[in-house]
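Structural overview
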Amino acid sequence: MKSFDEIQKSWRKQTDVSHETFIMNEAILTKLIRSGVKKEQKMVWEYCIASGFWQWLIYASLTHFIIRFWGDWQFMISCIAIILLYIPFTMVFIKKFRNMRMVKFNKSGLRTQDIYTTLKMQYKMLNEFFIFKKRFDWLNVPFCCFIIAMILYKYDMIPSFHENTMPGLIVFLIYALLFVIAIYVENQKRFKGPLEKMNMVIREMEENVV
Amino acid sequence: MNENLKNEFLKDLNRHTGIIHRVCNSYCSDSHERQDVFQEIVYQLWKSYESFKRESRFSTWMYKVALNTAILHMRKKSKAMQKEPLSDIFLQIASIEEPAYLKDDLKLLYAAINTLTDIDKAIILLYLEEYSYEEIAGITGITKTNVSVRLVRIKKKLEEKLKNQY
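Residues numbered from 1 in each chain as written. Chains lettered and ligands numbered in written order. Predicted model: local features only at pLDDT ≥ 70, side-chain atom pairs only at ≥ 80, totals over all residues.

Helix and strand counts for chain B come out as ten helices and zero strands. Going from the N terminus to the C terminus, chain B shows its helices and strands as α-α-α-α-α-α-α-α-α-α. Of all 166 residues assigned to chain B, the portion counted as buried reaches 41%. Here the analysis covers contacts within chain B between residues at least 6 apart in sequence; of these, 68% occur between residues at least 24 apart. (Helix = DSSP H or I, 4+ residues; strand = E, 2+ residues; numbered from the N terminus. Buried ≥ 20, exposed ≤ 12 C-beta atoms within 10 Å, placed from the backbone. Contact = placed C-beta atoms within 7 Å.)

In structure tokens, the structure reads:
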């Protein structure tokens, strides 16, 4: 069994020699950078497309219903009210998302700070976006479920709320449940899991070891 | 990035590629993951290079970026790892695929380091590279006293692990 000092010496000797054979040239560097950019863009686009498509779907269907049921003032006003309520949230959502990505991809290099500062900043950014997203979801889910129930009613797939409230209510609750499950899985994967991991490292660094 | 800066970056990078390999070997046990982290580190270095003011040594700055990238990569690890082939780039970087150059005692040391927490890995790696306590504190963001106390514990842990493996 070698002592730690001997291991350190052997580490220095071996690590000094081991990588000298490989020289990074411009072609390899360009390939690596291109691949990195592609990966980064893919990640952003995946989220933007999913979230953008969803928002577009809401506006498109609401606009469709305003035109389709032109003259049904009660229904038209409900659709317009939802659009008006939804627009500011969409704008804030886009702004927050863009800010988060801008800071992350900023050339000034967040990752050139010390590890503790980087982790704290990354945690803060992700957490702020997560808190906003949770608020957004609280508004988003009932709206969407309400729209779905209205669509089914307008196409005579369920009776009107005045005749029988139960079918409409059941549709609303089933969709609400599906949304809650989907949002829960997404939040775990994209936000809660990474936030917990980062928090663990931050807490470990803040631990008083003396 | 202009041509001159690009050449300068390549020169600096080639002088210290070993740092990236050592960080990859310490944080990733799987070769695919090592390739991923290697690529991510080079990309992050390239992105941040223009902001490097040469107030510190290039190797110190490189360690900051490499360690931050490796630690942040670990937080994404729970996501399903994308097992897509990483193209021919890595055939040229043979040492990242299979660190065959490593002698047995170093392999054991890496295996032991791999069992440490993310921040302990960073501390011991910097210590093995002969950084001072002050420099380690500067790179990690924890206090000098904290570094020295942690190092005593880490060394003890590693010695115990290595004793069992020999």
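The helix and strand tally for chain A stands at five helices and zero strands. Considering only contacts in chain A between residues 6 or more positions apart, those separated by 24 or more positions represent 61%.

Of all eleven residues that make up helix H2 (residues 17-27) of chain B, ten are buried, and the element is covered over most of its length. Within the sequence span of H2 of chain B, burial applies to Thr17, Ile19, Ile20, His21, Arg22, Val23, Cys24, Asn25, Ser26 and Tyr27 of chain B.

Moving on to the domain arrangement of chain B. Residue and element names in this part refer to chain B. Once the domains are mapped, chain B shows domain 1 (1-100) and domain 2 (102-166). Each partner contributes residues to the interface: domain 1 has 13 residues there, and domain 2 has eleven residues. Elements with a minimum of two residues in the side of domain 1 that touches domain 2: H2 and helix H4 (58-75). The element best represented in the side of domain 1 that touches domain 2 is H4, accounting for six residues. (Domains from an automatic or database assignment.)

Moving on, we get to the confidence of the model for chain B. Residues and elements named next belong to chain B. Predicted confidence across chain B gives a mean pLDDT of 82, with 81% of residues reaching 70 or more. The spread of mean pLDDT over the elements of chain B runs between helix H6 (residues 94-97), the lowest at 49, and helix H9 (residues 133-140), the highest at 93. Ignoring residues within four places in sequence, the model shows residues 79-86, a span with pLDDT below 50, making four contacts including any to other chains. Predicted complex, confidence summary: ipTM 0.75, pTM 0.75. (pLDDT = per-residue confidence, 0-100.)

Once that is clear, we can look at the confidence of the model for chain A. Reading predicted coordinates in detail is not appropriate for stretches of low pLDDT. Mean pLDDT for chain A: 80, with 87% of residues reaching 70 or above. Across chain A, element-level confidence peaks in helix H5 (residues 165-206) of chain A with a mean pLDDT of 89 and bottoms out in helix H1 (residues 4-18) of chain A with 71.

Here the focus is the environment of Tyr123 of chain A. Residue and element names in this part refer to chain A. For Tyr123, the location among the structural elements is in helix H4 (residues 115-154). Expressed as a C-alpha distance, the spacing of Tyr123 and Ile202, which sit 79 residues apart in the sequence, is 9.1 Å. Once residues lying within four places of it in the same chain are set aside, the contact partners of Tyr123 are Leu195, Met198, Asn199 and Ile202.

All right, on to the nonpolar core then. Residue and element names in this part refer to chain B. Counting 48 residues, the largest nonpolar core has Val23, Ile41, Ala66 and Leu67 as the members making the most contacts within it. Among the elements that take part in this core, H4 stands out by supplying nine residues, more than any other. Each of two domains, domain 1 (1-100) and domain 2 (102-166), supplies a minimum of three residues to this core. Beyond its immediate sequence surroundings of up to four residues, Val23 is in contact with Ile41, Ala66, Leu67, Ala70 and Leu125. (Core = buried A, V, L, I, M, F, W, Y, C linked by C-beta atoms within 7 Å.)

A word on the environment of Asn140 of chain A. Residue and element names in this part refer to chain A. Tracing the backbone shows Asn140 in helix H4. Residue Asn140 is classed as partly exposed on the basis of its C-beta count, with 19 C-beta atoms lying within 10 Å. Each C-alpha atom of the pair Asn140 and Met121 lies 28 Å from the other, and the pair is 19 residues apart in sequence.

Our next topic: the environment of Lys124 of chain A. Position of Lys124 of chain A relative to the elements: it lies in helix H4. Placed 44 residues apart in sequence, Lys124 of chain A and Gly168 of chain A show a C-alpha to C-alpha distance of 41 Å.

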